[in-house]
Amino acid sequence: MSDKNKNDKNKMWGGRFAAGPAAIMGEINASIDVDKRLWREDIAGSKAHAAMLAAQKIISRDDADAIARGLDQIAREIENGEFKFSHALEDIHLNIEARLKDLVGEPASRLHTARSRNDQVATDFRLWTRRACEECAKALSDLMTALVDKADTHADWVTPGYTHLQIAQPVTLGHHFLAYVEMFSRDRARFEDARARMNESPLGAAALAGTPYPIDREATAKALGFARPMANSLDAVSSRDFALEALAAASICAAHLSRLAEEIVLWTSPHFGFAALSDAFSTGSSIMPQKRNPDAAELCRAKVGRVAGAFNALLLVMKGLPLAYSKDMQDDKAATFAAFDDLALALAAMTGMIGDLTMNKDAMRAAAMRGYSTATDLADWLVRALGMPFREAHHATGAIVALAEKRGERLDELSLEAMQSVEPRITEDVFSVLSIDASVASRTSYGGAAPENVRAQIAEWRRKL
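Each value, and the rule that gives it
Residues numbered from 1 in each chain as written. Predicted model: local features only at pLDDT ≥ 70, side-chain atom pairs only at ≥ 80, totals over all residues. Heavy atoms only, no water. Salt bridge = Lys/Arg side-chain N within 4 Å of Asp/Glu carboxyl O. Helix = DSSP H or I, 4+ residues; strand = E, 2+ residues; numbered from the N terminus. Buried < 20%, exposed > 50% of the residue type's maximum accessible area, 1.4 Å probe, protein only. 1 Å grid on protein atoms, 1.4 Å probe; cavity = no way out; pocket = protein on both sides within 12 Å on 5 of 7 lines; lining within 4 Å. Points joined across faces, edges and corners; volume = space filled by probe spheres on them. Nonpolar A, V, L, I, M, F, W, Y, C, P; charged D, E, K, R; others polar. Axes fitted to C-alpha atoms, helices over the stretch in contact; angles between N-to-C directions. Parallel < 35°, antiparallel > 145°, perpendicular 65-115°, else oblique. Left-handed = near helix turned anticlockwise from the far one by under 90°. Contact = heavy atoms within 4.5 Å. Expected span 1.5 Å × (residues − 1). Arc of directions from axis to C-beta. Core = buried A, V, L, I, M, F, W, Y, C linked by side-chain atoms within 4.5 Å. Phe/Tyr/Trp six-rings, centres within 6.5 Å; stacked < 30°, edge-to-face > 60°. Lys NZ or Arg CZ within 6 Å of the ring centre and 35° of its normal.

Draft legend 1. Region of interest: the pattern of salt bridges. For the coordinates displayed, the defined rule picks out 29 salt bridges. Note that Asp377 is salt-bridged to Arg443, the shortest N-O span being 2.7 Å. You can see Asp377 sitting in helix α16 (residues 375-386) and its partner Arg443 sitting in the loop between α19 (436-442) and α20 (451-464), a full 66 residues away along the chain. On the basis of relative accessibility, which here comes to 5%, the residue Asp377 falls in the buried class. Among the residues examined, Arg443 registers a relative accessible area of 23% and is labelled partly exposed. What you see here is one network of salt bridges that share partners, running through Glu41, Arg131 and Glu135.

Draft legend 2. View of the layout of surface pockets. The calculated volume of the largest pocket comes to roughly 550 Å³. As for the largest pocket, its lining consists of 22 residues, and the residues nearest its centre are Gly161, Tyr162, Thr163, His176 and Glu263. Contributing elements (two or more residues each) for the lining of the largest pocket: β1 (158-163), β2 (166-172), α9 (173-198) and α12 (241-267). Of the residues that constitute the lining of the largest pocket, the class distribution is twelve nonpolar, six polar and four charged.

Draft legend 3. Just the packing of helix α13 (residues 295-318) against helix α14 (residues 333-356), in detail. The N-to-C vectors of α13 and α14 enclose an angle of 155°; their axes lie 9 Å apart at closest approach. Judged by the angle between their axes, α13 and α14 are roughly antiparallel. As α13 packs across α14, the resulting crossing turns out to be left-handed. Every residue of α14 that contacts α13 at Ala296, Ala297, Cys300, Lys303, Arg306, Val307, Ala310 and Leu314 is listed here: Ala335, Thr336, Ala339, Asp342, Leu343, Ala346, Ala349, Met350 and Met353. Classifying every residue of the contact of α13 with α14 gives 13 nonpolar, one polar and three charged.

Draft legend 4. Fine view of the environment of Leu411. When you line up the elements, Leu411 lands in the loop between α17 (390-407) and α18 (416-420). Residue classification places Leu411 among the buried residues on the basis of a relative accessible area of 2%. C-alpha of Leu411 to C-alpha of Phe431: the two residues are 20 residues apart in sequence and 8.8 Å apart in space. Those residues in contact with Leu411, other than ones at most four positions away along the chain, are Tyr372, Thr374, Ala375, Ile400, Val401, Ala404, Phe431 and Leu434.

Draft legend 5. Layout of α20. A rise of 1.5 Å per residue sets the reference length of α20, with its 14 residues, at 20 Å; its end C-alpha atoms lie 20 Å apart and thus fit the reference within 8%. Residues Pro451, Asn453, Val454, Ile458 and Trp461 constitute the buried set of α20. Along α20, the residues classed as buried sweep out an arc of 150° about the axis, all on the same side. In α20, the exposed residues that point more than 90 degrees away from the buried face are Glu452 and Arg463. Packed against the buried residues of α20 are α8 (117-153), β2, α9 and α19.

Draft legend 6. Geometry of empty space enclosed by the protein. Taken as a whole, this structure holds one cavity of 30 Å³ or more when the rule is applied. Taken as a whole, the largest cavity holds about 50 Å³ of empty space. Taken together, Thr159, Pro160, Tyr162, Leu173, His176, Trp267, Phe274 and Met364 form the lining of the largest cavity. Elements represented by at least two residues in the lining of the largest cavity include exactly β1 and α9.

Draft legend 7. Spotlight on the side chain of Ser116. Locating Ser116 in the fold gives a position in the loop between α7 (107-110) and α8. With a relative accessible area of 14%, Ser116 lands in the buried category. Discounting chain neighbours no more than four positions away, the residues touching Ser116 are Ala206 and Ala207.

Draft legend 8. Main features of the side chain of His256. Position of His256 among the secondary structure elements: in helix α12. Residues within four places of His256 in sequence aside, it is in contact with Tyr180, Met183, Phe184, Asp187 and Arg190.

Draft legend 9. Broad picture of the nonpolar core. Core analysis: the biggest nonpolar cluster contains 92 residues, and Phe191 and Met350 have the highest contact counts within it. Counting residues per element, this core draws most heavily on α12, which supplies 15 residues. In this structure, Leu382, Ile400, Ala404 and Ile426 belong to the second largest nonpolar core, which totals 22 residues.

Draft legend 10. Quick peek at the packing of aromatic side chains. On inspection of all chains with the given rule, the structure shows ten aromatic pairs. Connected via pairs of aromatic rings, a cluster forms that spans Phe125, Trp128, Phe191, Phe242, Phe337 and Phe340. Between Lys333 and the ring centre of Phe125, over which it is positioned, the NZ or CZ distance is 5.5 Å. Over the aromatic face of Trp461 sits the side chain of Lys464, whose NZ or CZ is 4.4 Å from the ring centroid.

Draft legend 11. Geometry of the environment of Thr113. In this fold, Thr113 is placed in the loop between α7 and α8. Separated by 97 residues in the primary sequence, Thr113 and Gly210 place their C-alpha atoms 12 Å from one another. Not counting residues within four places of it along the chain, the set of residues in contact with Thr113 comprises His49, Leu53, Ile58 and Tyr213.

Listed below in structure tokens is the structure:
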């Protein structure tokens, strides 16, 4: 290809250059394979910009109308799979602009008046990330609803509560599911907060310094659903903290999904036997015919690595960049798009799994009765009934647990005489607190696991959701 023909490929920006870029430069410089996902946002931004330019009499109304018609046709072409994206045109902005010129001629060349690709891409990316946050918040509401439904069904089912993955105290399964509702509600709030903070328009900041044209940035901000224009043109084109914040929220959410996924993996294993997934969310083994693998949960568990990796990748891209725009920022989108794709898939899969889970009441109850899970109830009884300081009660309870363990008996199976051999003042009333049902029923403090608390929280969450 001659230098002239190479330069023709870059007629959108090539006037300063006598020759076109090397082939490898074209490869590293092109972003169209990634940023073509921004076509909706790019067209929306261009239509808002053209309408504002006409309203401000910077371009004619006829030109603005032609631009709008051409952009609408381009949108239809892309939706129908008829649009031909070109690597030679680098990015989504130049691809759309070139096609617009084919369709409407000279008016297309007026569209870029008073803007730059710098504020254009910043606007597109904010619009996309804003929508991604909205979609995640909605998906989280769906997941929370599924968890509340599960909690309602199992509000009084007794299950072991763990610390260090050791049986600690009995709780209710409904209470366990509601713990994740609380986590995911904070995730939803983080996405909503991030959306509110990013809801300022960079459009009109131009390359970095603003523009001498009499533009109306308030109008374009309003047209695109932004609360206001960004106040500093340098900040507008060079900031990606909105994407970082969204990715941070996504990383925390993915971590919560991973914790829940890990519990599903444990619960569905034969060692626990607390739950089962149907064929819809399980896979088999190519060699072991008896296997039922919780692959959907395992894949949800893995997503946190990819999502948190995207956050770290963008953080490292941005950490050393001077103001204002640098081409490094072209690599802001690939990781962000992939992270939100992964998170959306994981949220949908987890919502499906929660609805699909069948819980095993007997297995959970049997497990809750192991490990001397009501030992704390015994210690609390010694404090309340005998007035013992808690540390003394803790010591006495430990000795009683050791005795029960030596005899191979649960605490509620141990005889009164055996307990009195450790603490002579213990009475028959102690057995009123040693069953797992009595234990969970006693946890009535705010936020506790008692079934009455769980049902009250379920009602509150149904109101909120």
